[in-house]
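Results of the structural survey
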Amino acid sequence: MLVAPSILSADFGKLNDEIIAICEAGCDLVHVDVMDGHFVPNLTIGPVVVDAVAKVATKPLDIHLMVENNSFFVDLFSHLKPEYISFHIEQEKHPHRLIQKIRSLDIKPAIVLNPHSRPEDIEYLLQDLDMVLLMSVNPGFGGQKFISTVVEKTKKLKSLINQHNPDCLIEIDGGVNNQNITALKEAGANIVVAGSYVYGSDNYKEAIESLK
Ligand code: DX5
Ligand code: ZN
């Protein structure tokens, strides 16, 4: 299991140290939640802070867009060469075009599904994706309760992925902890995002290792 701590739950008063700490603690990716106050009822960080994060991170960035204008934000972050940029299917009229754009920038494209969205809705996009991110909370905030129906949904998605693009990874985001990790792994998850579970612990290394 790969682990991508969400820096949303970090102490922003010492963000540099918090980024260095998770990288040294053995995380695989640094999950960056970008919210615009329109697609979700919260605002987080923009290009100035994400640039600063990229400067200190020694692990690849996993940028999760929760914004209205996806293409605009892809342009803002493409120079950082993140490993993934993921965008919400609920907010994109031309997902295939945006996937092509992200790939043309040498970044791996990923699509995010909110808790109500169906894996079948992206069946014909799977062959063009490197990853699908399933939300296991409603996007907008860290520290929410895990929505357990995502386990069943992960199994459905895994079976579609096996048919169309076995290399495509599944990432789960929201309320992940050491209680639900085994069910997610068995259902087919490859990467978990964990914000409050990692940053709320006394020992980041132990928290990351317990998920792995
Ligand atoms: C929610 C974000 C998540 C969140 C995860 O909109 O996408 O990445 O920060 O935090 P936890 O792990 O605390 O649910
Ligand atoms: Zn996220």
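Here's a quick rundown of the structure.

Focus: the coordination of the zinc ion (ligand 2)
Protein coordination of the zinc ion (ligand 2) is provided by His31 (NE2), Asp33 (OD), His64 (ND1) and Asp173 (OD), with donor distances spanning 2.1 to 2.3 Å. Classification of the site at the zinc ion (ligand 2) as octahedral follows from its six donor atoms and the range of 70 to 171 degrees in their angles at the metal. Read in sequence order, the donor residues coordinating the zinc ion (ligand 2) give the pattern H-x1-D-x30-H-x108-D. A relative accessible area of 7% means that aspartate 33 is categorised as buried.

Considering the packing of helix α3 (residues 70–77) against helix α4 (residues 95–104)
In contact at an axis separation of 11 Å, α3 and α4 are set at 5 degrees when each is read in the N-to-C sense. In this view, α3 runs roughly parallel relative to α4, as classed from their interaxial angle. Residues Asn70, Ser71, Val74 and Asp75 of α3 pack against Leu98, Lys101 and Ile102 of α4. For the contact of α3 with α4, a count of residues per class yields three nonpolar, two polar and two charged.

Focus: the sheet that holds strand β3 (residues 61–66)
In spatial order, the strands read β1-β8-β7-β6-β5-β4-β3-β2; together these eight strands make up an open sheet with parallel pairing. One side of each edge strand has no neighbouring strand; the edge strands of this open sheet are β1 (2–5) and β2 (30–35). Strand-to-strand twist across the sheet, computed as the mean angle between neighbouring axes with direction ignored, equals 25 degrees. Bridge analysis of β2 against β3 gives six bridges, and the strand direction is parallel. The residue of β3 that forms the bridge with methionine 35 is methionine 66. Across the sheet, helix α5 (residues 150–164) is in contact with β5 (108–113), β6 (131–135) and β7 (169–173); its angle to β6 comes to roughly 165 degrees.

Overview of α3
The set of residues buried in α3 consists of Asn70, Phe73, Val74 and Phe77. End-on, the buried residues of α3 take up no more than an arc of 105 degrees, which puts them together on one face. Buried positions along α3 lie against β2, α2 (47–56), β3, β4 (84–88) and α4.

Let's talk about the site of ligand 1
Every one of the 20 residues lining ligand 1 counts as a neighbour, but Gly140, Gly143, Asp173, Gly195 and Ser196 are closest to it. Between an oxygen atom of ligand 1 and a side-chain N or O atom of serine 6, the distance comes to 3.0 Å. One of the side-chain nitrogen or oxygen atoms of aspartate 33 is found 2.8 Å away from an oxygen atom of ligand 1. Tallied by class, residues from the shell around ligand 1 come to eight nonpolar, 10 polar and two charged.

A word on the packing of aromatic side chains
Under the counting rule described, the total for this entry stands at three aromatic pairs. Where phenylalanine 73 meets phenylalanine 77, the ring centres are 6.4 Å apart and the plane angle is 35 degrees; that geometry is what we call tilted. In this pair, phenylalanine 73 and phenylalanine 77 both sit in helix α3, four residues apart, roughly one turn of the helix. Of the two residues, phenylalanine 73 and phenylalanine 77, both sit in the buried class. Judged by centre distance (5.1 Å) and plane angle (75 degrees), the ring pair of tyrosine 199 and tyrosine 204 falls under edge-to-face.

Considering the pairing of β6
A regular strand places its side chains so that they alternate between the two faces of the sheet. Of all five residues making up β6, five are buried, and the element is well covered by its neighbours. Side-chain alternation along β6 places Met131, Leu133 and Met135 on one buried face and Val132 and Leu134 on a second face that is also buried. Bridging between β5 and β6 involves four bridges; their strand directions are parallel. When the sheet's bridge partners are listed, alanine 110 is paired in β6 with methionine 131. Strand direction decides the pairing type here: β6 and β7, joined by five bridges, are parallel. Residue pairing for β7: methionine 131 is matched across the bridge by leucine 169. Regarding topology, α5 serves as the crossover connection from β6 to the parallel β7, and that connection is right-handed.

Overview of the pattern of salt bridges
Taken as a whole, this structure holds six salt bridges when the rule is applied. Note that lysine 101 and aspartate 75 form a salt bridge whose closest N and O atoms lie 2.9 Å from each other. On the criterion of sequence distance, the pair formed by lysine 101 in helix α4 and aspartate 75 in helix α3 is long-range, its members being 26 residues apart. A relative accessible area of 23% places lysine 101 in the partly exposed class.

Reading the values: the criteria
Residues numbered from 1 in each chain as written. Chains lettered and ligands numbered in written order. Predicted model: local features only at pLDDT ≥ 70, side-chain atom pairs only at ≥ 80, totals over all residues. Heavy atoms only, no water. Donors = N, O, S within 2.8 Å, 3.2 Å for Na, K, Ca; no water. Tetrahedral: all angles 85-135°; square planar, octahedral: opposite > 155°, others 65-115°. Buried < 20%, exposed > 50% of the residue type's maximum accessible area, 1.4 Å probe, protein only. Axes fitted to C-alpha atoms, helices over the stretch in contact; angles between N-to-C directions. Helix = DSSP H or I, 4+ residues; strand = E, 2+ residues; numbered from the N terminus. Parallel < 35°, antiparallel > 145°, perpendicular 65-115°, else oblique. Contact = heavy atoms within 4.5 Å. Nonpolar A, V, L, I, M, F, W, Y, C, P; charged D, E, K, R; others polar. Pairing = 2+ DSSP bridges. Arc of directions from axis to C-beta. Near = heavy atom within 4 Å. Polar contact = N/O pair within 3.5 Å; in protein donor to acceptor, adjacent residues only side chain to side chain. Phe/Tyr/Trp six-rings, centres within 6.5 Å; stacked < 30°, edge-to-face > 60°. Right-handed = clockwise from strand over helix to strand, strands pointing away. Salt bridge = Lys/Arg side-chain N within 4 Å of Asp/Glu carboxyl O.

Remember that the coordinates give geometry; whether it matters functionally is a separate question.
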